[in-house]
Amino acid sequence: MPSPSRRTVLATGSALGGALFAGGLPSQATAADRPGGTGGTTDPWRAVLEDADLVWQRMPATWYEGPFLGNGFLGSGIYAEPGSETRAVRFNVQHSEVQDHRPEFGSLFGLARLPIGYFTLEPVGTITAVDWRLGLHDAELTGTLTTDRGTLTLRALVHTSRSLLAVEVTPSAGERGFRWVFHPADAISPRAAFKPLPDGYQGNPPAEAGEHDGVHTCVQPLLSGGQHVTAWRETERGGRRTLYAYVAHSYPRTTALSAALRAVRDGSLLPYDALAVTHRAWWHAYYRKSFLSLPDARVQRFYWIQLYKVASAARRDAPVMATSGPWLEPTPWPNTWWNLNVQLEYWLIHGSNHLELDAVTRALGEFRDNLAKEVAAPYRSDSLGIPRTTDPHLVNGAAGTLTGYGVGIPGQDPPTPEVGNLTWALHNVWLSYRHTMDESVLRDVLYPLLRKAINYYLHFLQPGPDGKLHLPATFSPEYGGDSRDCNYDLMLLTWGCRTLLESAELLGIDDESAPRWQEVLARRVPYPTDENGFMIGADIPFAKSHRHYSHLLAIYPLYELTGRTTEERALIEKSLAHWVGFEGALQGYTFTGAASMSALLGKGEDALKYLGELMARFIQANTMYKESGPVIETPLSAAQSLHDMVCQSWGGVVRVFPALPAAWADLTVHDFRTQGAFLLSAVRGGGVTRWVRLVSEAGAPCVVRHGLPGAIEVRDGRGRPLRYETVDDGTIRIPLRKGESALITAKGDRPDLTIAPVTPNGTAPRWGLPA
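Residues numbered from 1 in each chain as written. Predicted model: local features only at pLDDT ≥ 70, side-chain atom pairs only at ≥ 80, totals over all residues. Heavy atoms only, no water.

With that settled, the discussion passes to the confidence of the model for the chain. Taken residue by residue, the chain gives an average pLDDT of 93. The fraction at 70 or more is 95%. With pLDDT under 50 throughout, residues 1-29 is counted as low confidence; its partners more than four residues away or in other chains account for 52 contacts. Per-residue pLDDT stays below 50 along residues 32-40; that stretch engages in 23 contacts with residues further than four places along the chain or on separate chains. (pLDDT = per-residue confidence, 0-100. Contact = heavy atoms within 4.5 Å.)

Our focus in this paragraph is the nonpolar core. One recurring pattern in soluble globular proteins is that nonpolar side chains are buried together. One finds W304, L364 and I734 to be the most contacted residues of the largest nonpolar core, which totals 217 residues. When residues of this core are assigned to their parent elements, the largest contribution, 12 residues, is made by helix α12 (residues 439-458). (Core = buried A, V, L, I, M, F, W, Y, C linked by side-chain atoms within 4.5 Å. Buried < 20%, exposed > 50% of the residue type's maximum accessible area, 1.4 Å probe, protein only. Helix = DSSP H or I, 4+ residues; strand = E, 2+ residues; numbered from the N terminus.)

Before going further, it helps to spend a moment on the packing of helix α2 (residues 44-52) against helix α6 (residues 297-313). For the pair α2 and α6, interaxial distance at closest approach is 8 Å and the crossing angle is 100°. In terms of orientation, α2 lies roughly perpendicular with respect to α6. Contact residues: W45, V48, L49, D51 and A52 in α2; Q300, R301, W304 and I305 in α6. Grouping the constituent residues of the contact of α2 with α6 by class yields 6 nonpolar, 1 polar and 2 charged. (Axes fitted to C-alpha atoms, helices over the stretch in contact; angles between N-to-C directions. Parallel < 35°, antiparallel > 145°, perpendicular 65-115°, else oblique. Nonpolar A, V, L, I, M, F, W, Y, C, P; charged D, E, K, R; others polar.)

A separate point is the side chain of R524. By the element assignment, R524 lies in the loop between α14 (514-523) and β25 (529-530). The charged side chain of R524 is buried without a salt bridge, its nearest counter-charge being E560 at 6.2 Å. There is a polar contact of 3.0 Å between the side chain of R524 and the side chain of T494. Of the polar contacts made by the side chain of R524, one reaches the side chain of Y527; its length is 3.4 Å. Not counting chain neighbours up to four residues away, the residues in contact with R524 comprise K468, L469, L490, T494 and E519. (Lys, Arg positive; Asp, Glu negative; His and termini not counted. Salt bridge = Lys/Arg side-chain N within 4 Å of Asp/Glu carboxyl O. Polar contact = N/O pair within 3.5 Å; in protein donor to acceptor, adjacent residues only side chain to side chain.)

Next up on the list: unusual backbone geometry. At the junction of P414 and P415, the peptide bond is cis and its omega measures out at -10° in the coordinates. When you line up the elements, P415 lands in the loop between β20 (389-390) and α11 (421-436). Along the chain, P477 connects to E478 via a cis peptide bond; the corresponding omega equals -5°. Residue T623 is not a glycine yet carries a positive backbone phi of 75°. Structurally, the position occupied by T623 is in the loop between α17 (604-617) and α18 (633-646). Even without a glycine there, the phi angle at D671 is positive, about 55°. If you trace the backbone, D671 turns up in strand β29 (residues 667-674).

Overall, the coordinates contain 40 aromatic pairs when judged by the stated rule. Ring centres of W347 and Y556 lie 5.5 Å apart, and the angle between their planes is 80°; on these two criteria the pair is classed as edge-to-face. Of the two residues, W347 is situated in the loop between α7 (341-346) and α8 (348-351) and Y556 in the loop between β26 (533-534) and α15 (566-580); the sequence distance between them amounts to 209 residues. Given the relative accessible area of 3%, Y556 is considered buried. Judged by centre distance (5.9 Å) and plane angle (65°), the rings of F542 and F582 are edge-to-face. A residue pair is termed long-range when its members are at least 10 positions apart, and F542 in the loop between β26 and α15 and F582 in the loop between α15 and α16 (588-600) qualify at 40 residues. The exposure class assigned to F542 is buried, which follows from its relative accessible area of 3%. The ring of F178 is capped by R241, whose NZ or CZ atom sits 3.7 Å from the centre of that ring. A cation sits over an aromatic face here: K544 above Y479, 4.6 Å from the ring centre. (Phe/Tyr/Trp six-rings, centres within 6.5 Å; stacked < 30°, edge-to-face > 60°. Lys NZ or Arg CZ within 6 Å of the ring centre and 35° of its normal.)

Below is the structure:
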């Protein structure tokens, strides 16, 4: 093969910031150096992001319709002031660290997240039109507000590191008299609007307004001690007025006031443009960690909005996301939920290569001592558990149907014996380990916590007359009723014992409990099934509409059952069809789970059908989601369902394009992170996989089901042939050391390795409220 020309090398290197060809092949797949198929820009990331921008040409009326800004801590949802839709726009101010501290009233009242308040932007005139754009690339809201007196041109962001809400407004002559007004919220659990108050519970005292050398404050004292403070200042530069707002929380000390004042004073010294420089730099680097383009314009836009949303709602050092993320709205769920919500919220960070957002691993490691306190006293010396609901420190407080749901004890009720949530949460930690191969995650967090989570089960596992090991009655979220040999727990127990044995071997630990784990795997009672597939448990068939797939975890996400045999595949198909066949209680995440299970079976058309049901029935105008209140796990998990269609890497095999529908004949993925710590890039064109590239970050065994038809070639980063071993038709094993790469192409083919957006199959409306 001839060497590339100097012009080719320089052009490609420019596009990637220095990545050069060698021997005719790039050291990594290159970004487009020509106008892309989307947006007309030379930058493929900017192209897909600008194409995905949300627009509003009608005034949003609720959080489910409006723009949203955030950085994992501070969040702002923006929409019309209820009851004054033509007179004011609300900028909510909420913060993921602001909570109450009265554990005697439980996680849902005494430890609940507390509402802070909101600003209203109040024009001089009556609002007649809006034209807004939420620019994903820069993570900023821009646009105009038109009134019968003039216009207000605005820019807004929540700064990624300073946690400042900054809103710059440039008024026309008739609107120079517009004003900002802050409205403090009552510092009471949002659940109070939905459920009766626990005996003795009362809201916190009213907030106290103040002013400190030009900085306005609203100090909210807490009955438990401590405070949260909103501080703000407005500055004017060259006819532009900029609002700077900051929220601080302190407990038990009352230091939030000084922290908030300092942050606002420091931040307001910077013009909006100066703040935006560092803010945009973070976001630009964030997006470039991975790339995905597919020909369904609506779905592609949805996907990139989820990447924006998850980075607006999550950071490694932020609290684990509550049900509504940092955007607290009226909700019966004002804290963190561990029987599905948390797990689904964080799945997409792995494939999209955003482990910097992994608060789950950090929080479980940091607050592990609190998990011992959540199991009954006789078991605390060697067991851990996580309740259904906790605050950011993994504390549930007093448990009860009004105040928060504890772990419970198998075979007893009350309290409800919902005991599997910690093991499921630790599966997320295991995913973080597998996608990075970072042994410290395995050694310091996963292994010690999983050992004690599984040990809790072992206290209750007993042999039955059949010689099998059985569990007493436990609870399968959210079906209702307790059942012996509950599939939720048996499936998690099986995964946990297998993972502990594999981990102990990897870590070189001779664990005294290993024989017991092996016994569980050998003697555990089979998962209860009937003519309809998997039951809830031995005592409860699946016989009513149920949104949760708690009885199907062995299929997804645990991949303990994958259809290896004809009989196993039939069981999965029957169980899936039976589950989604009951209308009535199905919700959004029912369809994301069904999509991922269909993707496991290679059924891309079914997966797309389920995602279509989700979009049509549940996803709101701005891609948010609601049931009885705002919850954000479902749209985020839909992004993971897309991942499962594009790439799967369970069982030590990287599967490229395993479940694509026929309509997705063209698709591009770049730096998709897989288990084994590989970065995958691949391009599909005309319904055929053109090339696949894997970069090994850890030197783990590399087995890839590449999907290329016919004979193939495998070459390294310098274009030299790489030896490989054929495992089966379409699957090969490549010996890759840490830092090495492999490019797989059809034999004799030299495809274009440019990473660029694919051409959409058709037009689609933007998300938001376009005209």
